[in-house]
Amino acid sequence: MLSKKERELISEIWGRLTPVAEDIGAEALLRMFASFPGTKTYFSHLDISFRSAHLLSHGKKIVLAIAEGAKDISQLTVTLAPLQTLHAYQLRIDPTNFKLFSHCMLVTLACHMGEDFTPTAHAAMDKYLSAFAAVLAEKYR
Amino acid sequence: MVEWTDFERATIKDVFAKIEYEVVGPAALARCLVVYPWTQRYFGNFGNLYNAAAITGNPKVAKHGITILHGLDKAVKNMDDIRNTYAELSVLHSEKLHVDPDNFKLLADCLTIVVAAQMGKAFTGEIQAAFQKFLAVVVSSLGRQYH
């Protein structure tokens, strides 16, 4: 359950990160590949080395989608409908990986925001990313 | 037996040498109680845990956070036998404190994030991986004596 304050906080943070979407996204992905090597299996067809074109573009896509969802969290199911279909029928990424990525995104945010990534912001962000992942997996079965 | 690379050993020693236990311990525990409020169930006698500000300012939380970090120290000093190092603590958490071992992972994640916030860019993906591997071994050892 996200309070009004939390929604505003989340929307504000992602609004600020949109200009550096590819940096944040690529970093989160790289962290995930380093800590959870099994996640690399979904990227065997791409070059995911440090700041490669594929990694940057992919990171950007993910962050922009997260930022878009953050603009109106009550509409997540509507906003994510096309991505739901993509993930369910084409990508078929095991949803446990969404948790791993979310964790690495939180670590990335902590590294970038330092003290500003307060426990309250962390809690709100964790809740949002969990909700985002849950909606993303809705069409799986 | 857990295999540690030279990089992992050096990273763990290095990170724990850099962090201030009196700051990181309290911050990690407070964060856990805020982000995962159900963990407050184990701290009924800690007084005011009503909101984030109360938790962050609570002296009992701070003191306990420091205790936890010093507990982690044992693992840092005994990386080749964390399992036995924590046998007694595992029994304590199971038999006396009755803590659901899933909670250990929650605290470990919060600790990772506190250290990341402190170290900023220096907390690279490789260092994060080593740190998380270390905490995973700690978490597993703490859960080992449950039955």
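Numbers given for residues are sequential positions, taken from 1 along each chain in its written order. In the order they appear in the text, chains get letters beginning with A and ligands get numbers beginning with 1. Only residues with pLDDT of at least 70 get local features here, since the model is predicted, and only at 80 or more are side-chain atom pairs given and counted; chain-wide, interface and lining totals rely on the full set of residues. Heavy atoms from the whole structure form the basis of all side-chain values; hydrogens and water molecules are not counted.

### What to know about the state of the cysteines
Residues and elements named next belong to chain B.
Reasoning step 1: Disulfide: a pair of cysteine sulfur atoms within 2.5 Å of each other. Counted by the stated rule, this structure contains 0 disulfides over all chains.
Reasoning step 2: Between C32, a cysteine without a disulfide, and C110, which holds the nearest cysteine sulfur, the sulfur-to-sulfur distance is 4.6 Å.
Reasoning step 3: Overall, the relative accessible area of 0% leaves C110 in the buried class. Classification of residues uses two cut-offs on accessible area relative to the type maximum, computed with a 1.4 Å probe and protein chains only: under 20% is buried, over 50% is exposed, and between them is partly exposed.

### A short note on the UniProt feature "domain: Globin" (unreviewed entry) in chain A
Reasoning step 1: UniProt positions are given in the numbering used here, feature names are shortened, and annotations may be inferred rather than shown by experiment. Look at the UniProt record and you will see "domain: Globin" (unreviewed entry) annotated at residues 1-141 of chain A.
Reasoning step 2: Think of it this way: any DSSP run of H or I at least four residues long counts as a helix, any run of E at least two long counts as a strand, and we number them from the N terminus. A distance of 24 Å separates the end C-alpha atoms of residues 1-141 of chain A, which is 70% helix and 0% strand.

### Structural notes on the side chain of H122 of chain A
Reasoning step 1: Looking at the element boundaries, H122 of chain A is found in helix α7 (residues 119-136).
Reasoning step 2: Ignoring any residue separated from it by four or fewer positions in sequence, one finds H122 of chain A in contact with L106 and F117 of chain A together with R31, V35, C110 and I113 of chain B. In what follows, a contact means two residues having at least one pair of non-hydrogen atoms within 4.5 Å.

### Some points on the nonpolar core
Reasoning step 1: Counting residues in each nonpolar core, the largest one holds 78 residues, and the members touching the most others are W14, M125 and Y128 of chain A together with F16 and F134 of chain B.
Reasoning step 2: Apart from residues lying up to four places away in sequence, Y128 of chain A is in contact with L2, I10, W14, I66, G69, A70, I73 and L76 of chain A.
Reasoning step 3: Core analysis: the second largest hydrophobic core is formed by 15 residues, A123 of chain A together with C32, V34 and Y36 of chain B among them. In this text, buried Ala, Val, Leu, Ile, Met, Phe, Trp, Tyr and Cys residues form a nonpolar core when linked through side-chain atoms within 4.5 Å.

### Quick look at the interface of chain A and chain B
Reasoning step 1: Taken residue by residue, the interface counts 19 residues in chain A and 19 residues in chain B.
Reasoning step 2: What qualifies as a polar contact is a pair of N or O atoms within 3.5 Å, subject to a donor-acceptor requirement within protein and to the restriction that residues adjacent in sequence count only when both atoms come from side chains. Taken together, the links from chain A to chain B amount to 8 residue pairs in polar contact (both at pLDDT 80 or more).
Reasoning step 3: A total of 7 residues in the side of chain A that touches chain B trace back to one element, the largest contributor, which is helix α6 (residues 96-113) of chain A.
Reasoning step 4: Partitioning the side of chain A that touches chain B into residue classes produces 10 nonpolar, 7 polar and 2 charged. Three residue categories are used. Nonpolar comprises Ala, Val, Leu, Ile, Met, Phe, Trp, Tyr, Cys and Pro, charged comprises Asp, Glu, Lys and Arg, and polar comprises the others, including Gly.

### Here we look at unusual backbone geometry
Reasoning step 1: Residue R51 of chain A is not a glycine yet carries a positive backbone phi of 55 degrees.
Reasoning step 2: One non-glycine residue with positive phi stands out, namely H98 of chain B, at about 55 degrees.
Reasoning step 3: Within the secondary structure, H98 of chain B sits in the loop between α6 (87-96) and α7 (102-119).

### Side note on the side chain of H93 of chain B
Reasoning step 1: One can find H93 of chain B in helix α6.
Reasoning step 2: Not counting residues up to four positions away in its chain, the partners in contact with H93 of chain B are H98, V99, F104, L142 and Y146 of chain B.

### Some details on the pattern of salt bridges
All names here are of chain A.
Reasoning step 1: Throughout this description, the term salt bridge denotes a Lys or Arg side-chain nitrogen within 4 Å of a carboxyl oxygen of Asp or Glu. In the structure shown here, the tally under the stated rule is 11 salt bridges over all chains.
Reasoning step 2: Between D23 and R51 there is a salt bridge, and its shortest N-O distance comes to 3.0 Å. Here R51 lies in the loop between α2 (21-35) and α3 (53-71) and D23 lies in helix α2, a separation of 28 residues in the sequence.
Reasoning step 3: Relative accessible area serves as the criterion here: at 26%, D23 is assigned to the partly exposed category.
Reasoning step 4: In this structure, E27 engages R31 in a salt bridge whose closest nitrogen and oxygen atoms are separated by 3.0 Å. In this pair, E27 and R31 both sit in helix α2, 4 residues apart, roughly one turn of the helix.
Reasoning step 5: Take R31: its relative accessible area is 4%, and that puts it in the buried class.

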